[in-house]
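Coordinate inspection notes
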Number of protein chains: 2
Amino acid sequence: MSDLLERLRGRGWRLTAQRRVVAEVLDGDHVHYTADEVHALAAERLPEISRATVYNTLGELVTLGEVIEVSTDGRAKRYDPNAHHAHQHLVCARCGTIRDVHPSGDLLADLPTQERYGFAISAVEVTYRGLCPNCAA
Amino acid sequence: MSDLLERLRGRGWRLTAQRRVVAEVLDGDHVHYTADEVHALAAERLPEISRATVYNTLGELVTLGEVIEVSTDGRAKRYDPNAHHAHQHLVCARCGTIRDVHPSGDLLADLPTQERYGFAISAVEVTYRGLCPNCAA
DNA sequence: TCTTGACTTAGACAATGTCCAATGTAGGAT
DNA sequence: ATCCTACATTGGACATTGTCTAAGTCAAGA
């Protein structure tokens, strides 16, 4: 993730202050912010950045495969910059916090063809749900 | 699911026309409607049913463990009445259609303790994403 | 049949996300 | 160094999904 900006420039991204700030906010391994959280953090550095730009930029990063969009609870989507390493999520049912975990084995065994019902499958997600240490108290 | 109404009555549910209609709409194995779809279908039989009642009733059914709430795309949640048989979901990335599939083995192997980060895990979800036969065309 | 607490209703409100027309600007061309 | 222009940003209106509340209604036991 640290050389994200170079990768993006290499793909012809026009590098603006807004995009740089959004990318910097997302830098880090265990970060799973909502769009509004990204907006708030970006605005600390670039006060007049608009919500629309944050949404646009996040959408572009998802399209480029640099971050993964995670919808765990029907509330705000969260954005996961750890797109280059296969991982799964631990989600708190109360506060929505997400934590990455790493595959314990190769559970991603593909579905047998007869269970695919004609779908062209491109990804598998595994989500463990429960209460985080904070909310369990 | 077919004797859902009896189970609910047995739990002290007050049986109203609205609840009956919502439960009937959800009857069926491969049904995964959004709350608005449930409302529209319920309104065909009981025209003046309100959205609030549909939301309330769906929430109660989830609390009672009779249906499962599925959030696959950050858009509307879908309600899965097939709560009594373990299963996984195949989700179309374009149209949001959901299809049930049945565990091919016991992939639900628990996470090792050192990967739980103090979470009290209560459920595991597996979602396969791709394009359904319709959208692939 | 009466009564009562649970249920339903309409609509206001909240949270999240999308879209658009007007304005600004990054970076190549000159 | 400056100019151009296609692409990016902005603010605000709008859309979708879901929640809440106060007032009216009704299921089911007495």
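The rules behind each value
- Residues numbered from 1 in each chain as written.
- Chains lettered and ligands numbered in written order.
- Predicted model: local features only at pLDDT ≥ 70, side-chain atom pairs only at ≥ 80, totals over all residues.
- Heavy atoms only, no water.
- Phe/Tyr/Trp six-rings, centres within 6.5 Å; stacked < 30°, edge-to-face > 60°.
- Lys NZ or Arg CZ within 6 Å of the ring centre and 35° of its normal.
- Near = heavy atom within 4 Å.
- Polar contact = N/O pair within 3.5 Å; in protein donor to acceptor, adjacent residues only side chain to side chain.
- Helix = DSSP H or I, 4+ residues; strand = E, 2+ residues; numbered from the N terminus.
- Nonpolar A, V, L, I, M, F, W, Y, C, P; charged D, E, K, R; others polar.
- UniProt positions renumbered as here; feature names shortened; annotations may be inferred.
- Buried < 20%, exposed > 50% of the residue type's maximum accessible area, 1.4 Å probe, protein only.
- Contact = heavy atoms within 4.5 Å.
- Salt bridge = Lys/Arg side-chain N within 4 Å of Asp/Glu carboxyl O.
- Pairing = 2+ DSSP bridges.

Points about the packing of aromatic side chains
According to the stated counting rule, one finds zero aromatic pairs over all chains in the structure shown. Above the plane of the ring of Tyr 117 of chain A lies Arg 99 of chain B, whose end atom (NZ or CZ) is 3.7 Å from the centre.

Quick notes on the protein's contact with DNA strand D
As a matter of local geometry, DNA strand D sits amid 18 residues, with Arg 14, Thr 16, Gln 18 and Thr 53 of chain A together with Lys 77 of chain B nearest to it. Backbone sugar and phosphate groups make up 71% of those atoms of DNA strand D lying within 4 Å of the protein. The side chain of Thr 53 of chain A places a nitrogen or oxygen atom 2.7 Å from a phosphate oxygen of DNA strand D. Contacts to DNA strand D include Arg 51 of chain B, whose side-chain N or O atom sits 3.3 Å from a base nitrogen. Elements supplying a minimum of two residues to the surface near DNA strand D: α2 (17–25) and α4 (51–63) of chain A together with α4 (51–63) of chain B. With three residues, α4 of chain B is the single largest residue contributor to the surface near DNA strand D.

Some points on the protein's contact with DNA strand C
Of all residues adjacent to DNA strand C, which total 18 residues, the nearest are Tyr 55 of chain A together with Arg 14, Thr 16, Gln 18 and Thr 53 of chain B. Of what DNA strand C places within 4 Å of the protein, 69% of the atoms are sugar or phosphate. Here a phosphate oxygen of DNA strand C and a backbone polar atom of Lys 77 of chain A are 2.9 Å apart. Contact between DNA strand C and Arg 19 of chain B: a phosphate oxygen at 3.0 Å from a side-chain N or O atom of the residue. Of all elements in the fold, only α4 of chain A together with α2 (17–25) and α4 of chain B reach the threshold of two or more residues within the surface near DNA strand C. Class assignment for the residues of the surface near DNA strand C results in seven nonpolar, four polar and seven charged.

As for the UniProt feature "binding site: Zn(2+)" (unreviewed entry) in chain A
Residues and elements named next belong to chain A. Following the UniProt record, the feature "binding site: Zn(2+)" (unreviewed entry) maps to Cys 92, Cys 95, Cys 132 and Cys 135 here. These annotated residues cover 44 residues of sequence, and their C-alpha atoms lie no more than 8.2 Å from one another, placing them together at a single site. As for its placement among the helices and strands, Cys 95 is situated in the loop between β4 (88–92) and β5 (98–101). Using a relative accessible area of 37% as the deciding quantity, one classes Cys 95 as partly exposed. Contacts of Cys 95, omitting those with residues within four sequence positions, involve Arg 78, Cys 132 and Cys 135. Tracing the chain through its elements places Cys 135 in helix α5 (residues 133–136). Those residues in contact with Cys 135, other than ones at most four positions away along the chain, are Cys 92, Arg 94 and Cys 95.

Some words on the interface of chain A and chain B
By a widespread convention, an interface's size corresponds to the accessible area lost as its parts come together. Listed by partner, the interface residues are 36 residues for chain A and 36 residues for chain B. At the junction of chain A and chain B, the tally comes to two salt bridges. At the junction of chain A with chain B, the criterion picks out twelve residue pairs in polar contact (both at pLDDT 80 or more). The greatest single-element share of the side of chain A that touches chain B, amounting to twelve residues, is contributed by strand β6 (residues 120–131) of chain A. Of the residues assigned to the side of chain A that touches chain B, the class counts are 19 nonpolar, nine polar and eight charged. The sheet contact formed by β6 of chain A and strand β6 (residues 120–131) of chain B spans eleven bridges and is antiparallel. Within β6 of chain B, the residue paired with Tyr 128 of chain A across the bridge is Val 124 of chain B.

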